[in-house]
Amino acid sequence: WMIKDDVYKRLYLYKEKEGCCEFWFGHASLDDCLAKIYESTPSAVADPTNTTAVLLAMWYPVIEDRKCINDGNTPDFMLEDGFSTWYLFNTEEECCGTFDCSGV
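Residues numbered from 1 in each chain as written. Predicted model: local features only at pLDDT ≥ 70, side-chain atom pairs only at ≥ 80, totals over all residues. Heavy atoms only, no water.

Draft legend 1. Representation of the packing of aromatic side chains. Within the structure shown, the criterion is met by five aromatic pairs. Centre to centre, the rings of Phe77 and Tyr87 are 5.4 Å apart; their planes meet at 75°, and the pair counts as edge-to-face. Here Tyr87 lies in helix H6 (residues 84-87) and Phe77 lies in helix H5 (residues 76-79), a separation of ten residues in the sequence. A residue is classified by how much of its surface remains accessible, and Phe77, at 37% relative accessible area, is partly exposed. Aromatic pair Phe89 and Phe99: ring centres 6.2 Å apart, planes at 80°, arrangement edge-to-face. You can see Phe89 sitting in the loop between H6 and helix H7 (92-98) and its partner Phe99 sitting in the segment after H7, a full ten residues away along the chain. By relative accessible area, which is 11% here, Phe89 ends up buried. Feature note: the residues Phe77, Phe83, Tyr87, Phe89 and Phe99 constitute an aromatic cluster, connected by ring pairs. (Phe/Tyr/Trp six-rings, centres within 6.5 Å; stacked < 30°, edge-to-face > 60°. Helix = DSSP H or I, 4+ residues; strand = E, 2+ residues; numbered from the N terminus. Buried < 20%, exposed > 50% of the residue type's maximum accessible area, 1.4 Å probe, protein only.)

Below is the structure:
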């Protein structure tokens, strides 16, 4: 949705992570910001017709247990359009970077 709005593109989408960090946190905090970035790695989609299988292989949060897993038992609601973007991740680090993985 951000790509459709010129204001959002200008403020939130950067070609380089250094530009984002410098804009939002200033040059003095550049190294600290860069150290905390989780970069997304695009998922390889072997069969684009079976997107459910791709989604089931992604990491998702178990919020009550404060952890992220990819066991193929993703809750149904997380697989739905509009939810998968917020709850499914390519790596455990990305998932834990968004949700608290401190354990119980």
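Now that the structure is up, let's keep going.
Draft legend 2. Spotlight on the pattern of salt bridges. This model, assessed by the stated rule, comprises two salt bridges. A salt bridge links Lys36 to Asp32; its shortest N-O distance comes to 3.3 Å. Asp32 gets classed as partly exposed once you look at its relative accessible area, which sits at 45%. The residue Asp100 makes a salt bridge to Arg66 at a minimum N-O spacing of 3.5 Å. You can see Asp100 sitting in the segment after H7 and its partner Arg66 sitting in the loop between strand S1 (60-62) and strand S2 (67-69), a full 34 residues away along the chain. What makes Arg66 partly exposed here is its relative accessible area of 39%. (Salt bridge = Lys/Arg side-chain N within 4 Å of Asp/Glu carboxyl O.)

Draft legend 3. Geometry of the state of the cysteines. Applying the stated criterion across every chain yields a total of three disulfides. Covalent S-S linkage joins Cys68 and Cys95, the inter-sulfur distance amounting to 2.0 Å. Every disulfide takes its handedness from the sign of the S-S torsion; for Cys68 and Cys95 that torsion is -80°, giving left-handed. Linking Cys68 in strand S2 with Cys95 in helix H7, this pair joins segments that are 27 residues apart in sequence. Pair check on accessibility: Cys68 and Cys95 agree, each one buried. Between the sulfur atoms of Cys96 and its disulfide mate Cys101 the distance is 2.1 Å. Its S-S torsion of about -85° marks the bond between Cys96 and Cys101 as left-handed, since a negative value means left-handed. In the protein chain, the bonded cysteines, taken in the order they occur along the sequence, pair up as 1-2, 3-4, 5-6. (Disulfide = S-S within 2.5 Å.)

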